[in-house]
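Read off the chains here:
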Amino acid sequence: MEFAEGVPCWVDAALPDVEGGKRFYGELFGWSFDDAAGGEYGHYVRASLDGRPVAALAPKADGRLPTAWTVYLATPDAATTAARVTAAGGQVITEPVPVGPFGTTGLVADPEGAVFGLWQAGSHQGFGKLREPGAYCWTEVYARDKSVVDPFYESVFEYGVYDVEVGGEDFRTWSPRGAAAGPDTAIGGRAVLAGSFPAEMPAHFLSYFCVADCDATAAAVRRLGGRVRTEPFDIQYGRVAVLADNQGAAFGVLQD
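Residues numbered from 1 in each chain as written. Predicted model: local features only at pLDDT ≥ 70, side-chain atom pairs only at ≥ 80, totals over all residues. Heavy atoms only, no water.

A. Structural detail: the pairing of strand S8 (residues 115-121). Pairing between strand S5 (residues 68-74) and S8: three bridges, direction parallel. Directly across from Ala 74, in S8, lies its bridge partner Trp 119. In this antiparallel pair of consecutive strands, strand S7 (residues 103-109) and S8, the connection spans five residues, and Gly 113 shows a positive phi of 95°. (Pairing = 2+ DSSP bridges. Helix = DSSP H or I, 4+ residues; strand = E, 2+ residues; numbered from the N terminus.)

Structure (structure tokens):
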């Protein structure tokens with residue numbers, strides 16, 4: 001499948017123990033895994049569901065880096081998008097570089113430091129399965145100051161925006177450029193770090209996977225050695241929870 005500019009097209013997790021990650025996510029989501037790519041590709045391990053790519057795991061290149069999931073936003077030209085990131089007040093962490101025939105990738109951050117990836121597709125378009133149990137379904141950035149962060153994403157990707165209230169908090173959804181903004185076209189959004197969030201929590205992205213049973217998934221995470229950061233609760237779009245794997249990488253799950 002092809003992805004319009006600014007649409008999430010891939011996720012990967014940087015982990016200290018990839019084999020441990022394979023056991024955790026293999027049991028949790030039913031993923032199978034390819035053999036690790038060679039050193040020139042960072043020993044990257046692709047996860048599949050029903051034979052279609054859904055995510056990847058990679059060993060952390062530096063122990064000082066966070067153990068975390070990263071979402072990648074599609075771009076037809078990673079270098080041009082990276083330049084727009086800088087012009088809009090963000091930061092380029094890793095300049096776009098080709099990854100063999102698969103595509104071109106870069107790592108960037110918004111003005112508050114929330115990190116996300118860019119992906120210019122080659123032979124690897126991105127997700128082969130979406131919005132099904134065990135597959136990716138949503139991403140959102142948690143920001144401190146929406147007056148700084150909103151103009152950044154709307155400048156870089158020219159998103160259409162639609163404001164809603166979720167759990168009593170202000171939330172803005174993004175739709176691809178040219179689409180009528182609203183729930184039917186939303187591909188991600190911006191939440192605000194307020195209320196129950198610790199004051200020291202940095203701005204960050206949180207990506208979600210669909211599940212058939214949110215409560216059962218939370219229980220499975222505990223059994224597999226992970227943590228439930230936010231217990232399952234209902235929103236207008238389904239039942240959600242925020243979890244962390246057995247190495248500390250956070251992710252959300254959604255039962256719609």
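B. Main features of the side chain of Ser 175. Along the chain, Ser 175 falls in strand S11 (residues 169-175). On the basis of relative accessibility, which here comes to 0%, the residue Ser 175 falls in the buried class. Discounting chain neighbours no more than four positions away, the residues touching Ser 175 are Tyr 159, Gly 160, Ala 180, Ala 181, Gly 182, Thr 185, Ala 186 and Ile 187. (Buried < 20%, exposed > 50% of the residue type's maximum accessible area, 1.4 Å probe, protein only. Contact = heavy atoms within 4.5 Å.)

C. Representation of the packing of aromatic side chains in the model. Overall, the coordinates contain 24 aromatic pairs when judged by the stated rule. Their ring planes at 70° and their centres at 6.5 Å tell us that Trp 31 and Phe 33 sit as a pair that is edge-to-face. By relative accessible area, Trp 31 is classed as buried at 5%. What links up through ring pairs into an aromatic cluster is the set Phe 24, Tyr 25, Phe 29, Trp 31, Phe 33, Trp 69, Phe 209 and Phe 251. (Phe/Tyr/Trp six-rings, centres within 6.5 Å; stacked < 30°, edge-to-face > 60°.)

D. Summary view of the packing of helix H1 (residues 18-29) against helix H4 (residues 214-223). One way to put it is that H1 packs onto H4 with a least axis distance of 10 Å and a crossing angle of 155°. In terms of orientation, H1 and H4 fall into the roughly antiparallel class. As H1 runs across H4, the sense of the crossing is right-handed. Residue-level contacts link Phe 24, Glu 27 and Leu 28 of H1 to Thr 217, Ala 220, Val 221 and Arg 223 of H4. Partitioning the contact of H1 with H4 into residue classes produces four nonpolar, one polar and two charged. (Axes fitted to C-alpha atoms, helices over the stretch in contact; angles between N-to-C directions. Parallel < 35°, antiparallel > 145°, perpendicular 65-115°, else oblique. Left-handed = near helix turned anticlockwise from the far one by under 90°. Nonpolar A, V, L, I, M, F, W, Y, C, P; charged D, E, K, R; others polar.)

E. View of the pattern of salt bridges. Per the counting criterion, the structure on display carries 17 salt bridges. Salt-bridge contacts for Lys 129 lead to Glu 132; the nearest nitrogen and oxygen are separated by 3.0 Å. With relative accessibility at 7%, the residue Lys 129 sits in the buried group. Among the salt bridges present, the one from Lys 146 reaches Asp 170, with a minimum N-O distance of 3.1 Å. Taken as a pair, Lys 146 in helix H3 (residues 146-157) and Asp 170 in strand S11 lie far apart in primary sequence, 24 residues in all. Since its relative accessible area comes to 38%, Lys 146 is described here as partly exposed. (Salt bridge = Lys/Arg side-chain N within 4 Å of Asp/Glu carboxyl O.)

F. Highlighting the sheet that holds strand S3 (residues 45-49). Here eight strands make up an open sheet; going across it, the order is S2-S3-S4-S1-S5-S8-S7-S6 and the pairing mixed. Both edges of this open sheet fall to strand S2 (32-33) and strand S6 (91-99), since each of them pairs with a single strand only. Its contacts with the sheet place H1 against strand S1 (8-15), S2, S3, strand S4 (52-59) and S5, and it is angled at close to 150° to S4. Across the sheet, H3 lies against S5, S7 and S8, angled at about 5° from S8, the strand it touches most.

G. Structural detail: helix H2 (residues 78-87). Looking only at H2, the buried set comprises Ala 78, Thr 81, Ala 82 and Val 85. Buried residues of H2, viewed axially, fall in a sector of 100°; they line one side. The inward-facing, buried residues of H2 contact S6, S7, S8 and H3. The distance from a side-chain oxygen at the start of H2 to the backbone nitrogen of Ala 79 is 3.2 Å, and the residue carrying that oxygen is Asp 77. Positioned one or two residues after H2, Gly 89 has a phi angle of 100°, which is positive. (Arc of directions from axis to C-beta. Polar contact = N/O pair within 3.5 Å; in protein donor to acceptor, adjacent residues only side chain to side chain.)

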